[in-house]
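Fold and contact review
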Amino acid sequence: MNQQGILVVVSGFSGAGKGTLMKELLKRYDNYALSVSATTRQPREGEKDGEDYFFVSREYFQQMIEDGRLVEYAQYVNHYYGTPRDYVEKKMAEGKDVILEIEIQGALKVKKRFPDALLIFVTPPSAGELRRRLVGRGTETIEVINARLRRAAEEASGMEAYDYLLINDEIDACVEQMHQLITLQHSKTCYHLDFLSRMREELYHLDDRQ
Ligand code: 5GP
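Residues numbered from 1 in each chain as written. Predicted model: local features only at pLDDT ≥ 70, side-chain atom pairs only at ≥ 80, totals over all residues. Heavy atoms only, no water.

What counts here: UniProt positions are given in the numbering used here, feature names are shortened, and annotations may be inferred rather than shown by experiment.
You'll find the chain entered in an unreviewed UniProt entry as Guanylate kinase, with [Clostridium] clostridioforme CAG:132 given as the organism. Listed in UniProt under the heading Subcellular location (unreviewed entry), the comment for the chain reads: "Cytoplasm".

Now the structure itself:
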């Protein structure tokens, strides 16, 4: 059996509750590793460098791109965000399922490069609820909230590119659904090619002996 972990991409509108969902998933199950992205945006109140993000300058980010140190990157509301390659490769090799919590442009790049990746889109039950959550979070100015809502409207057109849709109405149920989707993904034939060819080989030789 293939012991390598799988790549899971989780996207969703800003304010969909992805952060809480990820924290809860990691708390409940130990087979996951959450990738920490690099970003050029400023830390929010309470965010820690190296934990929530690697907060870097535009120059440093540019250098990471040039050195091929990012699996993917994208621009989102005036800032750059990217997934560092080292951590992803290391954790997958250790057998962990690596979760990338990234926006849609990056998700599509990952799907192109890693067609076996699992793509999940998380959304609140309605647009009104999304706005309420963003305002209620109180971490952004109204201008930034409006820019993020405009971006959500753009992103909504790409939702079909994802394998699954998760409606985050009730956090507990949503965490369990996500875990089930990932668990199921492990059974896909694409992750068991060695097993399949060994089985074919064995069957072929069984036939020989008869
Ligand atoms: P925030 O500023 O709210 O932390 O993140 C803004 C958006 O950037 C979110 O949709 C988040 O999923 C996305 N994002 C975070 N890290 C990455 C990354 O490494 N790559 C890409 N493409 N998007 C990211």
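Digging into the packing of aromatic side chains
Rules: Under the pairing criterion, centres of Phe, Tyr and Trp rings, with the six-membered ring standing for Trp, must be within 6.5 Å; the plane angle then separates stacked pairs below 30 degrees from edge-to-face pairs above 60, leaving the rest tilted. Relative accessibility under 20% of the residue-type maximum defines a buried residue, over 50% an exposed one, and the middle range a partly exposed one, all with a 1.4 Å probe and only protein chains included. Both a distance and an angle decide whether a charge sits over a ring: NZ of Lys or CZ of Arg must be within 6 Å of the ring centre and within 35 degrees of the ring normal.
Here the structure, examined in full by the defined rule, presents eight aromatic pairs. Ring geometry for Y29 and Y32: centres 6.4 Å apart, planes at 85°, overall edge-to-face. Classification of Y32 as buried rests on a relative accessible area of 5%. One aromatic cluster in this structure is built from Y53, F55, Y76 and Y81. Stacked on the ring of Y73, the Lys or Arg K109 has its end atom at 4.8 Å from the ring centre.

A closer look at the side chain of D97
Using the following cut-off: Only DSSP runs of H or I covering at least 4 residues are called helices, and only runs of E covering at least 2 are called strands; the numbering of each starts at the N terminus. Charge counting treats Lys and Arg as positive and Asp and Glu as negative, with His and both chain ends excluded. Should a side-chain nitrogen of Lys or Arg be within 4 Å of a carboxyl oxygen of Asp or Glu, the pair is scored as a salt bridge. By definition in these notes, contact holds between two residues if any of their heavy atoms fall within 4.5 Å.
Its place among the elements puts D97 in strand 7 (residues 97-101). Buried D97, no salt bridge; nearest opposite-charge side chain is K96, N-O distance 9.4 Å. Among all residues touching D97, those that are not within four sequence positions of it are G5, I6, N31, Y32, A33, I182 and H186.

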